[in-house]
Amino acid sequence: MGRCCFELLNFFMKKLIRISTVPTSLDVFLKGFLKELSEKYEVLAVSSPGEELAQIGEREGVRTVAVAMERHISILKDVVSLCRLIVLFARERPYMVHSITPKAGLLAMLAAWFTRVPVRIHTFTGLVFPTSTGVKRQILILMDRVICGCATYINPEGWGVAADLKQ
């Protein structure tokens, strides 16, 4: 099958990647929704490895890929995770990447921006920086700015999160 045929197939069956740092977030925030999405789109759920990720894939009827991500700042591990996501997105060529946790948001939005994914969405389900101080707070604010700069759409979970982001 030629490249043109694959592009035509991709037009009719767009691929979406939903990503979180840990599988529990996919389970809690997207339970049932991944299955619903998979009726119209090819859905790939990405998160750190674990049995829970495989269970989500079975229950929701979606393909899963494990990419190790640290929840806390870990520069070396974060660079490795970013590189793995870049390779994954380049191979999968999704139409949309949608992240829902802070670290997955940073890594996924950067990787999606580097690989020119057309639609890059991050849902802020809460912010970490308002309760932090000092240098850590400045790093967290910078991370959120990078997420916003790389994303094509930002979805704050509520008015309070939206107000904190604007500030």
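Residues numbered from 1 in each chain as written. Predicted model: local features only at pLDDT ≥ 70, side-chain atom pairs only at ≥ 80, totals over all residues. Heavy atoms only, no water.

## Some points on a nonpolar patch on the surface
Together, Ile73, Ile75, Val79, Val135 and Ile139 line one region of the surface with nonpolar side chains, adding up to about 470 Å² of accessible area. Those elements that place two or more of their residues in the nonpolar patch are α5 (75-92) and α7 (134-150). Looking at where Val135 falls in the secondary structure, it is placed in helix α7. Looking at Val135, the relative accessible area reads 63%, which means it is exposed. (Patch = residues over 30% accessible without salt bridge, like charges linked within 9 Å, V, L, I, M, F, W, Y side chains within 5 Å. Areas by Shrake-Rupley, 256 points an atom, 1.4 Å probe, with all protein chains shown as cover. Salt bridge = Lys/Arg side-chain N within 4 Å of Asp/Glu carboxyl O. Helix = DSSP H or I, 4+ residues; strand = E, 2+ residues; numbered from the N terminus. Buried < 20%, exposed > 50% of the residue type's maximum accessible area, 1.4 Å probe, protein only.)

## Some thoughts on the confidence of the model for the protein chain
Averaged over all residues, the pLDDT of the protein chain is 87; the fraction at 70 or higher stands at 82%. Taken together, the stretch residues 1-6 has pLDDT below 50 and engages in two contacts with residues farther than four places along the chain or on a different chain. (pLDDT = per-residue confidence, 0-100. Contact = heavy atoms within 4.5 Å.)

## Side note on the sheet that holds strand β3 (residues 63-66)
Strand order in the open sheet formed by six strands is β3-β2-β1-β4-β5-β6, and the pairing between neighbours is parallel. Strand pairing shows two members of the sheet lacking a second neighbour, β3 and β6 (153-156), which therefore form its edges. The mean angle between the axes of side-by-side strands here comes to 20°, regardless of whether they run parallel or antiparallel. Pairing between strand β1 (residues 15-19) and strand β4 (residues 96-99): four bridges, direction parallel. (Pairing = 2+ DSSP bridges. Axes fitted to C-alpha atoms, helices over the stretch in contact; angles between N-to-C directions.)

## Details of the pattern of salt bridges
Applying the stated criterion across every chain yields a total of nine salt bridges. Residue Arg63 is joined to Glu42 by a salt bridge in which the shortest nitrogen-to-oxygen separation is 3.4 Å. Here Arg63, found in strand β3, pairs with Glu42, found in strand β2 (residues 42-47); they are 21 residues apart in sequence, far enough to count as distant. Arg63 sits in the partly exposed class, given a relative accessible area of 38%. Take Glu42: its relative accessible area is 29%, and that puts it in the partly exposed class. Note that Arg91 is salt-bridged to Glu92, the shortest N-O span being 3.9 Å.

## Quick notes on the packing of helix α6 (residues 102-114) against α7
At a minimum axis separation of 9 Å, α6 and α7 run at an interaxial angle of 40°. By the criterion of interaxial angle, the relationship of α6 to α7 is oblique. Classified by chirality, the crossing of α7 by α6 is left-handed. Here Pro102, Gly105, Leu106, Met109, Leu110 and Trp113 of α6 come into contact with α7, specifically with Met143, Val146, Ile147 and Cys150. In terms of residue class, the contact of α6 with α7 is made up of nine nonpolar, one polar and no charged. (Parallel < 35°, antiparallel > 145°, perpendicular 65-115°, else oblique. Left-handed = near helix turned anticlockwise from the far one by under 90°. Nonpolar A, V, L, I, M, F, W, Y, C, P; charged D, E, K, R; others polar.)

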